[in-house]
Amino acid sequence: MNLPRRHILFIAAAAVLALSCPSFASALSPSREQSSGEKVNRLVFGAEWGYTSSLFNIYHNNYLSPEGMRVDDKGVDFDYSSNGHILAGISYAFARKYEAGLYLGFIGVAQDRRMVPLSLRGTYYFDSYLTDGWMAFIDGGPAFGNDRKVTLTGKLGGGYRLKLSAHFCLDFLLSFHICSDHPKLFYSDDSQITGDNLRRSDSTYGGLNFSLALRF
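The sections below set out a description of the structure shown in this document. The structure presented is a predicted model; accordingly, all values stated were derived computationally and were not measured. (Residues numbered from 1 in each chain as written. Predicted model: local features only at pLDDT ≥ 70, side-chain atom pairs only at ≥ 80, totals over all residues. Heavy atoms only, no water.)

Some details on the pairing of strand S8 (residues 169–181)
Argument step 1. Where strand S7 (residues 150–163) meets S8, eleven bridges bridge the pair, whose relative direction is antiparallel. Counted as the bridge partner of Gly159 is Leu173 from S8.
Argument step 2. Note that S8 and strand S9 (residues 198–215) share 13 bridges and pair antiparallel. Note on S9: the bridge partner recorded for Phe172 is Leu212. (Pairing = 2+ DSSP bridges. Helix = DSSP H or I, 4+ residues; strand = E, 2+ residues; numbered from the N terminus.)

Have a look at this one:
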């Protein structure tokens, strides 16, 4: 049987990749728990909550002053504030070390500023998602403000998983998060800057999350 040249090249490339990446091949192979015949849940639900420390705000504002002067103000504010977060998620483990999930929740990103993030998360387990052990994760997606503005948010972090039973586990997580925003600006008399007077209002908040997650 004669195969098209592009099919032959694809098969050859796949073979080279499999031979040159034994760690990836072993990660996709059935785990010890699976090969022993134990029933494994690949679809996992979870609830995550914790403390959010807001550390800094990188801002760039451009607006027209009451005197008619164009003001271009940018810099970094190191302003610590305490907030919280709560998330609910659903994940699928497509290999014993790799998991992808979708999370929705509520987070305070700065003082008097709250967002509803919708994030896609990828998690890598250094041993297996079925056992105690360390993990690393990254996530990102849109965030919806209480003023209906849509921005972007993301996290990079890691943690440790403690297996409580066959179907429950507790994750201890630490992550660094960023979130962009377009906050309202006000003059010194507390009147809001709007319309043609406002050219730009950009902020990027950064901070740390300390979280607990119950997975089942």
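Structural notes on the nonpolar core
Argument step 1. With eight residues, the main nonpolar core is built from Ala93, Tyr125, Tyr129, Leu130, Met135, Phe137, Leu173 and Ala213.
Argument step 2. In this view, Leu173 contacts Glu48, Arg121, Met135, Phe137, Gly158, Gly159, Asn209, Phe210, Ser211 and Ala213; residues no more than four positions away in its chain are not counted.
Argument step 3. With seven residues, the next largest nonpolar core counts Val109, Ala110, Ala143 and Tyr205 among its residues. (Core = buried A, V, L, I, M, F, W, Y, C linked by side-chain atoms within 4.5 Å. Buried < 20%, exposed > 50% of the residue type's maximum accessible area, 1.4 Å probe, protein only. Contact = heavy atoms within 4.5 Å.)

As for the pattern of salt bridges
A side chain with one charge may pair with a side chain of the opposite charge, provided their charged atoms come close.
Argument step 1. Applying the stated criterion across every chain yields a total of eight salt bridges.
Argument step 2. A salt bridge links Lys155 to Asp139; the shortest N-O distance between them is 3.0 Å. One end of the pair, Lys155, is in strand S7; the other, Asp139, is in strand S6 (residues 133–145), with 16 residues separating them in the sequence.
Argument step 3. Put simply, Arg200 and Asp202 hold a salt bridge, and the shortest N to O gap is 2.6 Å. (Salt bridge = Lys/Arg side-chain N within 4 Å of Asp/Glu carboxyl O.)

Quick look at the environment of His60
Argument step 1. Relative to the helices and strands, His60 is located in strand S1 (residues 43–64).
Argument step 2. A sequence separation of 141 residues divides His60 from Ser201, and the C-alpha atoms of the two residues are 6.1 Å apart.
Argument step 3. Excluding anything up to four places from it in sequence, His60 contacts Asp72, Asp73, Lys74, Arg200, Ser201 and Asp202.
Argument step 4. Here the side chain of His60 touches Arg200 through a polar contact of 3.3 Å, side chain to side chain. (Polar contact = N/O pair within 3.5 Å; in protein donor to acceptor, adjacent residues only side chain to side chain.)

Remarks on the packing of aromatic side chains
Argument step 1. For the coordinates displayed, the defined rule picks out ten aromatic pairs.
Argument step 2. Pairing Phe168 with Phe216 gives two aromatic rings, centres 6.1 Å apart and planes at 35°, and the pair type is tilted. Remark: Phe216 occurs in the segment after S9 and Phe168 occurs in the loop between S7 and S8; sequence separation between them is 48 residues.
Argument step 3. The class for Phe168 is partly exposed, based on a relative accessible area of 40%.
Argument step 4. Taken together, the ring pairs connect Phe94, Tyr98, Tyr124 and Phe126 into an aromatic cluster. (Phe/Tyr/Trp six-rings, centres within 6.5 Å; stacked < 30°, edge-to-face > 60°.)

Details of empty space enclosed by the protein
Argument step 1. This model, assessed by the stated rule, comprises two cavities of 30 Å³ or more.
Argument step 2. A volume near 130 Å³ is recorded for the largest cavity.
Argument step 3. For the largest cavity, the lining is made up of 16 residues, of which Leu87, Ile107, Pro117, Thr153 and Lys155 are closest to its centre.
Argument step 4. Those elements that place two or more of their residues in the lining of the largest cavity are strand S3 (81–93), strand S4 (98–110), strand S5 (113–125), S6, S7 and S8.
Argument step 5. Of the residues that constitute the lining of the largest cavity, the class distribution is eight nonpolar, six polar and two charged.
Argument step 6. The computed volume of the second largest cavity comes to approximately 30 Å³.
Argument step 7. Residue lining of the second largest cavity: Tyr103, Arg121, Thr123, Tyr125, Met135, Asp171, Leu173 and Arg215, and that is the complete set.
Argument step 8. Contributions of two or more residues to the lining of the second largest cavity are made by S5 and S8. (1 Å grid on protein atoms, 1.4 Å probe; cavity = no way out; pocket = protein on both sides within 12 Å on 5 of 7 lines; lining within 4 Å. Points joined across faces, edges and corners; volume = space filled by probe spheres on them. Nonpolar A, V, L, I, M, F, W, Y, C, P; charged D, E, K, R; others polar.)

Description of the side chain of Ser203
Argument step 1. Relative to the helices and strands, Ser203 is located in strand S9.
Argument step 2. Judged by its relative accessible area of 5%, Ser203 is buried.
Argument step 3. Side chain to side chain, Ser203 and Asn57 meet in a polar contact 3.4 Å long.
Argument step 4. If near-sequence neighbours (up to four positions away) are discounted, Ser203 is found in contact with Asn57, Ile58, Tyr59, Cys179, Ser180, Asp181 and Pro183.

Some thoughts on the environment of Gly141
Argument step 1. Counting through the fold element by element, Gly141 comes out in strand S6.
Argument step 2. The class for Gly141 is buried, based on a relative accessible area of 16%.
Argument step 3. C-alpha separation for the pair Gly141 and Leu102, spaced 39 residues apart in sequence, amounts to 9.7 Å.
Argument step 4. Discounting chain neighbours no more than four positions away, the residues touching Gly141 are Leu118, Ser119, Thr151, Leu152 and Thr153.

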